[in-house]
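# Residue-level structural notes
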Amino acid sequence: MKNRNYRSNFLVGFLAVVLAFSLDVNSQKAKTGIDDGQKASAINSEQLLKDVKYLSSDQLRGREAGTPDSRIARQHILERFLELRLPSIGRTHLQEFTFTARNKKTVEAANVIGFVKGAKNPKRYIVITAHYDHVGVRRGEIYNGADDNASGTAALMAFAKYFKNNPPNNTILFVALDAEEKGLQGARFFVDNLPMKQESILLNINMDMISRSDKNELYTAGLYHYPKFKPHLDAIQNKAKIKLLYGHDRPELKGNDWTFQSDHGVFHRRKIPFLYFGVEDHKDYHKPSDVFENIQPKFYVNAVETILMAIKEIDEHYQKQ
Ligand SMILES: [Zn+2]
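Throughout, residues of each chain are indexed from 1 in the direction in which the sequence is written. Two thresholds apply to this predicted model, a pLDDT of at least 70 for residue-level local features and 80 or more for giving and counting side-chain atom pairs, whereas whole-chain, interface and lining totals are computed over all residues. Side-chain calculation: all heavy atoms of the structure are included, whereas hydrogens and water are not.

## Looking at the coordination of the zinc ion
- Because no water is among the atoms considered, metal sites can look incomplete, with donors defined as N, O and S atoms within 2.8 Å of the metal, or 3.2 Å for Na, K and Ca. His-131 (NE2), Asp-148 (OD), Asp-208 (OD) and Asp-208 (OD) make up the full set of protein donors to the zinc ion, lying at 2.0 to 2.5 Å.
- Angle rules define the geometry names used: all angles between 85 and 135 degrees makes four donors tetrahedral, while opposite donors over 155 degrees apart and all other angles between 65 and 115 make four donors square planar and six octahedral, leaving every other case irregular. For the zinc ion, the 4 donor atoms in the first shell make angles of 54 to 144° at the metal, a pattern classed as irregular.
- Coordination of the zinc ion draws on donor residues from a single chain, spaced H-x16-D-x59-D in sequence. Note that His-131 is positioned in strand 3 (residues 121-131) and Asp-208 in the loop between strand 7 (201-207) and strand 8 (217-221), a separation of 77 residues in sequence.
- Exposure categories follow from relative accessible area, calculated using a 1.4 Å probe and restricted to protein chains: below 20% of the type maximum is buried, above 50% is exposed, and the middle band is partly exposed. Exposure remark for Asp-208: the relative accessible area of 5% places this residue in the buried category. Only DSSP runs of H or I with at least four residues qualify as helices, and only runs of E with at least two residues qualify as strands; both kinds are numbered from the N terminus onward.

## Concerning the nonpolar core
- In plain words, nonpolar cores are sets of buried Ala, Val, Leu, Ile, Met, Phe, Trp, Tyr and Cys residues tied together by side-chain atoms within 4.5 Å. By size, the foremost hydrophobic cluster in this structure holds 67 residues, and its most contacted members are Phe-159, Phe-174, Leu-218, Phe-277 and Tyr-300.
- Working rule for contacts: check all heavy atoms of both residues, and any pair within 4.5 Å makes them a contact. Excluding residues within four positions of it along the chain, Tyr-300 makes contact with Leu-48, Leu-49, Val-52, Ala-150, Ser-151, Ala-154, Ala-155, Ile-210, Ser-211 and Ile-295.
- Ranked by size, the runner-up nonpolar core spans 16 residues in total, among them Phe-115, Tyr-125, Leu-173 and Ile-272.

## As for the sheet that holds strand 10 (residues 274-278)
- Strands qualify as paired when DSSP identifies two bridges or more between them. A sheet is described by the order of its strands in space; here 8 strands give the open sequence 1-2-6-3-7-10-8-9, paired in mixed fashion. Whereas interior strands pair on both sides, the edge strands pair on one side only; in this sheet they are strand 1 (94-100) and strand 9 (243-246). Ignoring which end each strand starts from, the neighbouring axes of this sheet average 25° apart.
- With 4 bridges joining them, strand 7 and strand 10 adopt parallel strand pairing. By the bridge assignment, Met-207 is partnered in strand 10 with Phe-277.
- Geometry is summarised by axes, namely lines fitted to C-alpha atoms with helices restricted to the contacting stretch, and by angles between N-to-C directions that run from 0 to 180 degrees. Where helix 3 (residues 68-83) meets the sheet, it contacts strand 1, strand 2 (106-116) and strand 6 (170-177), and its direction lies at approximately 20° from that of strand 2.
- Running over the sheet, helix 4 (residues 146-165) touches strand 2, strand 3, strand 6 and strand 7 and is turned about 155° from strand 3.

## Things to note about the pairing of strand 10
- The buried fraction of strand 10 is high, at 5 of 5 residues.
- Across the two faces of strand 10 the burial is the same, with Phe-274, Tyr-276 and Gly-278 and Leu-275 and Phe-277 all buried.
- Where strand 8 and strand 10 come together, 3 bridges link them in antiparallel fashion. Residue Thr-220 lies in a different strand from strand 10, and its bridge partner there is Phe-277.

## A few points about the packing of aromatic side chains
- Whether two aromatic rings pair depends on their centres lying within 6.5 Å, for rings of Phe, Tyr and Trp, where Trp uses its six-membered ring; planes under 30 degrees apart make the pair stacked, over 60 edge-to-face, and the rest tilted. A complete count under the given rule lists 9 aromatic pairs for this structure.
- Taking 5.9 Å as the distance between ring centres and 40° as the angle between the ring planes, the aromatic pair formed by Phe-190 and Phe-267 counts as tilted. Taken together, the residues span a long stretch of sequence, with Phe-190 in helix 5 (residues 185-192) and Phe-267 in helix 7 (residues 264-269) at a distance of 77 residues. Accessibility classification places Phe-190 together with Phe-267 in one group, the buried group.
- Put simply, the rings of Phe-97, Phe-99 and Phe-189 pair up and form one aromatic cluster.
- Across from the ring centre of Tyr-143, 5.5 Å away, lies the NZ or CZ of Arg-138, which sits over that ring.
- Charge-over-ring placement is defined geometrically: NZ (Lys) or CZ (Arg) within 6 Å of the ring centre, and within 35 degrees of the ring normal. Above the face of the Phe-260 ring, Arg-269 is positioned so that its terminal group lies 4.2 Å from the ring centre.

## Section: the side chain of Asp-148
- You can see Asp-148 is positioned in helix 4.
- Within this scheme the basic residues Lys and Arg register as positive and the acidic residues Asp and Glu register as negative, but His and the chain ends are omitted. The term salt bridge refers to a pairing of a side-chain nitrogen on Lys or Arg with a carboxyl oxygen on Asp or Glu at a separation within 4 Å. Of the side chains with opposite charge, Arg-63 comes closest to the buried, unpaired Asp-148, at an N-O distance of 6.3 Å.
- Each residue touching Asp-148, except ones within four places of it in the same chain, is listed here: Arg-63, His-131, Asp-133, His-134, Glu-181, Asp-208, Met-209, Tyr-285, His-286 and Asp-290.

## So, helix 5
- Listed in full, the buried residues belonging to helix 5 are Gln-185, Gly-186, Ala-187, Phe-190 and Val-191.
- The secondary structure elements touched by the buried residues of helix 5 are strand 1, strand 2, strand 3, strand 6 and helix 7.

## Things to note about unusual backbone geometry
- Note that the residue after Asp-148, namely Asn-149, is joined by a cis bond; omega there is 0°.
- Among the secondary structure elements, Asn-149 is positioned in helix 4.
- One non-glycine residue, Leu-184, adopts positive backbone phi at about 55°.
- When you line up the elements, Leu-184 lands in the loop between strand 6 and helix 5.

Shown next as structure tokens:
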């Protein structure tokens, strides 16, 4: 009997533990948004804004490459990739490198890299990039870098979660680049040390400053150089809740030619196709006033949804070997 009672008590106790654990796992899963059964279909805008707010907070003191503040930002991205159980390309998710800054000092930096394997073409790659560094503290003032480029970095993490739940056809690499503000250093190191054959890269999709536009306009630069991608952007035009404009990529535009003004330029120099998404410069560009309070959440979420549609459209099109 005792046994029976003991067994039934044990069973009740055991079931309680299992239930508690699974509740905990579920709350964990709920927290990370991963639910193996259910396919997440939209961007978690609350998380997106939370990430921008944190990355551009005074606590991270403008995330200058080589500083402890930049390492905190790096850790935040790394933890997200680990939470999402994104595999790493190398031994770790950190691609560490050093470079010599303008003041001749050696700077230690690191890109953070994770990927989602393609279901149909695991050996063909879409490389999504966003730089997570900014200019730090100048003359005692923090340059928070909310739009530049906490916005692109948060979108990169949101896409990692989305494609983790919705495996793409091609393998997608998520690369948070360091030291863009110090001469595109993270992109240079990545492209100089490609973890795959160059010709297996379909394109680089770079995001830099995507969270505010008084004219509700998001630009795509790169179609002048790589017109083959235009039909895929045309295909999402009427679904986008913002104006998706093409341009800022013709040489004759000189200063208004963005081809080499952010990390995608390094890919282009190496003849790796790119599409760059970004807004036109605003009054707070590279000022201490580029803060979370000045981004435009509605525009931002719509911009991120639009870029996601573009990535899916391209991935869908290039699904055959
Ligand atoms: Zn930037």
